[in-house]
Amino acid sequence: MDVVHCVQFIFASMTWKRLIISNIVLFFLISCDVNAQVRKLSGLVQDAHSEEPIPFASLMFKHTGVGTLSDSVGHFSFTLSHWPSDTLEVTFVGFEDYVLPVDTTLEEIQVIIEMERGKTNAEVVIRSKIGKGMIMWRKIVQHKHLNDRNRFDNYSYELYNKLEADLNDATNNKLIKFPLLKPFKSVIYQNIDSTSESKPILPLYLTETLSDYYFQRKPQRTRESIKAVKTMGFDSPSITKLLGGMYQNVNVYKNFIPVFDKDFVSPISDNGSAYYRYTVPDTQFIGGRRFFHFVFNPKHKGENTFIGDAWIADSSYAVMKMNLRVSETANLNFVEKLDLVQEYQLLNDSLWFLSKDKFIADFVFLDKNRLNFIGRKTSTYRNIVVNDSSVTRELEKNRIREEVLIMDSAASHSDTFWANARHEELSGTEKGIYKMIDTLMEMPSFHRFTDLVYFIGTGYKNVGNYEIGPWYNWITANAYEGLRLRFDLGTNTGFNKKIYLTSYLAYGFADKKFKGRVQGLYLFNKSPRSTLMASYINDIDNGQVYYDEVGSDNLFAIALRKPYAPLRYINVEQQKLEFFKETSSGFSVTLNGVRRKTTPLSNLPLKENFPVAADGEIMNSFELGIKLRFAYLEKFLDGNFYRMSLGSDFPILEAHYSKGMAGILNSSYNYHKVGGSISDYKKIAPYGSIYYNLYAGKVFGTLPYTLLEIPPGNNLWYYNKYAFNMMSRYEYLTDWYAGINVEHNIGNGLFRFIPLTRTLKFRQFWGAKIFWGDLSQANKDYNFLVTGSEFKSLDGKPYMEIGTGVDNIFKVFRLDFIWKVLPRPLPDRTFERFGIFGSFRVVF
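First things first, this report covers the structure right here in the doc. (Residues numbered from 1 in each chain as written. Predicted model: local features only at pLDDT ≥ 70, side-chain atom pairs only at ≥ 80, totals over all residues. Heavy atoms only, no water.)

### Overview of the overall build of the chain
Phase 1: When its secondary structure is counted, the chain shows 12 helices and 40 strands.
Phase 2: Here the chain, with 844 residues, has 47% of them falling under the buried criterion.
Phase 3: Sequence-distant contacts, at least 24 apart, represent 62% of the contacts inside the chain between residues at least 6 apart.
Phase 4: Working note: accessible area of the chain is about 41900 Å², and carbon and sulfur atoms make up 59% of it. (Helix = DSSP H or I, 4+ residues; strand = E, 2+ residues; numbered from the N terminus. Buried < 20%, exposed > 50% of the residue type's maximum accessible area, 1.4 Å probe, protein only. Contact = heavy atoms within 4.5 Å. Areas by Shrake-Rupley, 256 points an atom, 1.4 Å probe, with all protein chains shown as cover.)

### What about the sheet that holds strand E7 (residues 108–115)?
Phase 1: Reading across the sheet, the three strands line up as E4-E1-E7 and stay open at both edges, with mixed pairing between neighbours. Pairing within the sheet leaves two strands with one partner each, and these edge strands are strand E4 (75–80) and E7. Ignoring strand direction, the axes of neighbouring strands in this sheet form an average angle of 15°.
Phase 2: With eight bridges connecting them, strand E1 (residues 39–47) and E7 associate as parallel partners. Considered in E7, the bridge of Asp 47 is made with Met 115. (Pairing = 2+ DSSP bridges. Axes fitted to C-alpha atoms, helices over the stretch in contact; angles between N-to-C directions.)

### Here we look at the pairing of strand E11 (residues 256–259)
Regular strands have side chains that alternate between both faces of the sheet.
Phase 1: Alignment of E11 against strand E12 (residues 262–265), held across four bridges, turns out to be antiparallel. By the bridge assignment, Val 259 is partnered in E12 with Lys 262.
Phase 2: Joining the antiparallel neighbours E11 and E12 is a turn of two residues, in which Phe 260 adopts a positive phi near 55°.

### Brief notes about the sheet that holds strand E2 (residues 58–61)
Phase 1: One open sheet accounts for four strands, arranged E3-E2-E5-E6; its pairing is antiparallel. This sheet does not close on itself; its edge strands, each paired only once, are strand E3 (67–69) and strand E6 (98–101). Here the average twist between neighbouring strands, direction ignored, is 20°.
Phase 2: Looking at chain direction, E2 and E3 are connected through three bridges and run antiparallel. Counterpart to Met 60 in the pairing with E3 is Gly 67.

### Quick notes on the pattern of salt bridges
Phase 1: The tally for this structure, following the rule as stated, stands at 47 salt bridges.
Phase 2: Lys 230 is the partner of Asp 415 in a salt bridge, and the nearest nitrogen-oxygen pair spans 2.8 Å. Of this pair, Asp 415 sits in helix H8 (residues 415–421) while Lys 230 is found in strand E10 (residues 221–232), placing the two residues 185 residues apart along the sequence.
Phase 3: For Lys 515, the salt bridge is made with Asp 511, and the minimal N-O distance between the two is 2.6 Å.
Phase 4: For Lys 515, a relative accessible area of 4% corresponds to the buried category.
Phase 5: Judged by relative accessible area, which is 15%, Asp 511 ranks as buried.
Phase 6: Three or more residues joined by partner-sharing salt bridges are found here, namely Asp 47, Arg 117, Asp 309, Arg 325 and Asp 339. (Salt bridge = Lys/Arg side-chain N within 4 Å of Asp/Glu carboxyl O.)

### Side note on the pairing of strand E39 (residues 813–822)
Phase 1: As defined by bridge partners, strand E38 (residues 798–809) adjoins E39 across eight bridges and the pair is classed as antiparallel. In the strand pairing of E39, Thr 804 is matched with Phe 817.
Phase 2: Between the antiparallel neighbours E38 and E39 lie three residues, among them Phe 810 with a positive phi of about 55°.

### Observations concerning unusual backbone geometry
Phase 1: Of the consecutive residues Lys 218 and Pro 219, the connecting peptide bond is found in the cis state with omega at -20°.
Phase 2: Residue position: Pro 219 is located in the loop between strand E9 (202–216) and E10.
Phase 3: That bond from Leu 822 to Pro 823 is cis: its omega, -15°, falls within 30 degrees of zero.
Phase 4: Examined against the element boundaries, Pro 823 turns out to sit in the loop between E39 and strand E40 (834–840).
Phase 5: The phi torsion at Asn 387 lies on the positive side, around 50°, for a residue other than glycine.
Phase 6: By the element assignment, Asn 387 lies in the loop between strand E19 (370–386) and helix H7 (389–395).
Phase 7: Unlike most non-glycine residues, Asn 603 shows phi in positive territory, near 60°.
Phase 8: Looking at where Asn 603 falls in the secondary structure, it is placed in the loop between strand E29 (587–602) and strand E30 (620–630).

Written as structure tokens, this is what we have:
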């Protein structure tokens, strides 16, 4: 009998009672299986701000013994027969406790738990001088030279950078409700990312770069070749360079870590124990290796320090991962939260190398409902090569010590290329940025809005191929011209990408005269820079105006003039031709020819008091000049035609010479001028920063005051860091001079010890300006003995101002208290001894 027939025989022989019993048993078993189905809870524990996973966090059901730890990458999972409690408590050292309500009606739950840093006051602080944390810190410091990546003779890697800017809390942000945004609100709201548990964000800007980076220790050389760039938003090659690896100098092994323009003390600084408390609450095994959990918190309020933690490898004491959060009391403007994350990977059994950098900052420029942004920068490192001759060969191509190159094809790569080249895939939010900006750029209303923002912010407005502005020069007033109206007109890149033409026309209603300027610039090359400039100006002399200072020819200067300062006016008619050539090393040459005619107008000796030979014109000069400048590795932010210096890590040297020649274009004077300067700006963490400028020069010849050296004075109550603020314009004359300007910005200094000023983030500084000068007897006779002369000479003695004050008032205002020390003012002019000046500075 086969098997089938045997089964049929067995079932046929069973009685009906046995069938009933069998069915009852089967039903009971099925019912038990249904009621015994498992409950599952799984997810990820991460930092709410940096979105970095939190390893080995404790997760415990309240009032039960049921719990677990998250794994080394923050994941956790519970598999339960029933829910032990309706509340899950999550704890981790350095973070606020997190309570998760559990819906017990569900069988499976997946969550992302976002924990906020804090709880430092509730943690146990070891009061003994030597604890586990202190011992661990000492071990890390002792091994820093063995773990810092700059210990290698050379290295290279492929670097992927991604920078994103988002509008935070987009649905409630008042900026997005601005009436001018109404025409394209629908596009914006479609791209708001509200998928996370945190506040929804609006992606605004995204840029990606892919580059090859090379480093050599001795002699130190670096090279970066940016081979791919993708940007949605504004695009600038200089910004692309700044976002690359060359200026990405965060290294946790250094004693100080740069955060914007401030230096913060690293938790593993050689002197870190003076700034931090350390604990080692835990050890864990990750990938079969033992790691110490190293936690640090600031000792004192108001210092530029971090809170955070790190995982330290056993035996080598190398950093595997470090999480840094800028402490809440740090003296930093416009930043609500800022996290830095640095991760390292093993190249072999013992060599650790950087694998990932992450930077996340919340910016609040007005309040949390206006101009509230999030900035994120992620950098990853691949194809790492250490101590290899291929790196040396590549660096031999350098023309200077640090070189950044952008490949010609960098901006032309396809989406397919980027999909394969990225070290990590874009998130859905990031992909939406490209789509949204493409849509907005096609909307005329969006262009009108950005034009308005540009006009208000910069003063300029583009009209076709031309630009008008700046608007703040349109209306002003002074004692000589009365009401002054001015209109500026120039070209933009639509007119020509190499030629920039600009001009203005002004009219004074009191003197009833027109004034103006015409200027043309030809840009041969942007980098290294080479230009030719020609200009003609006929206007009232407003003194030398620097890009970061307020001159007298603008709307804001009307209410800032000193009431007792002599109102001295002079008209200048000048033609100038200038050629500028720069090399890759930072050396530049400027050649110029200048013809200058001056006419004193008010409270100055008239030109008729300075007779010249019959074939010349009074106060008419012609000179040829040369200026040499060396600024090694100076960084710039380029515009379309002009650029702004971001400074150099080295002193900047300048030297100039000019020769005046009579008989050319009716000029009347032969003379020589020579001078030079050295200046530098240095961070001296933890004591802030210091700026100095040393200069000297001499004029050879007997000349009218308009051709001598006149120390820069200030007739405004607005502080000018380049001028002597207690000195009036045209107060002193010199034909040889020397001076030094020093300013030390201390940071919060003594203010950090006072709770109110620490909360207000006031900053402390001091400065001094000293000037020596003299005038030859021939020049004294020529200039002091004429009618209307009120000039002075220092006779080789010093002029000196010292000052201090309060910076960062309301984050933008600075108050300077200036004392004139030398020469001592006359008894009837005590107002010249001391002055209070204000100024605006927008810095982090």
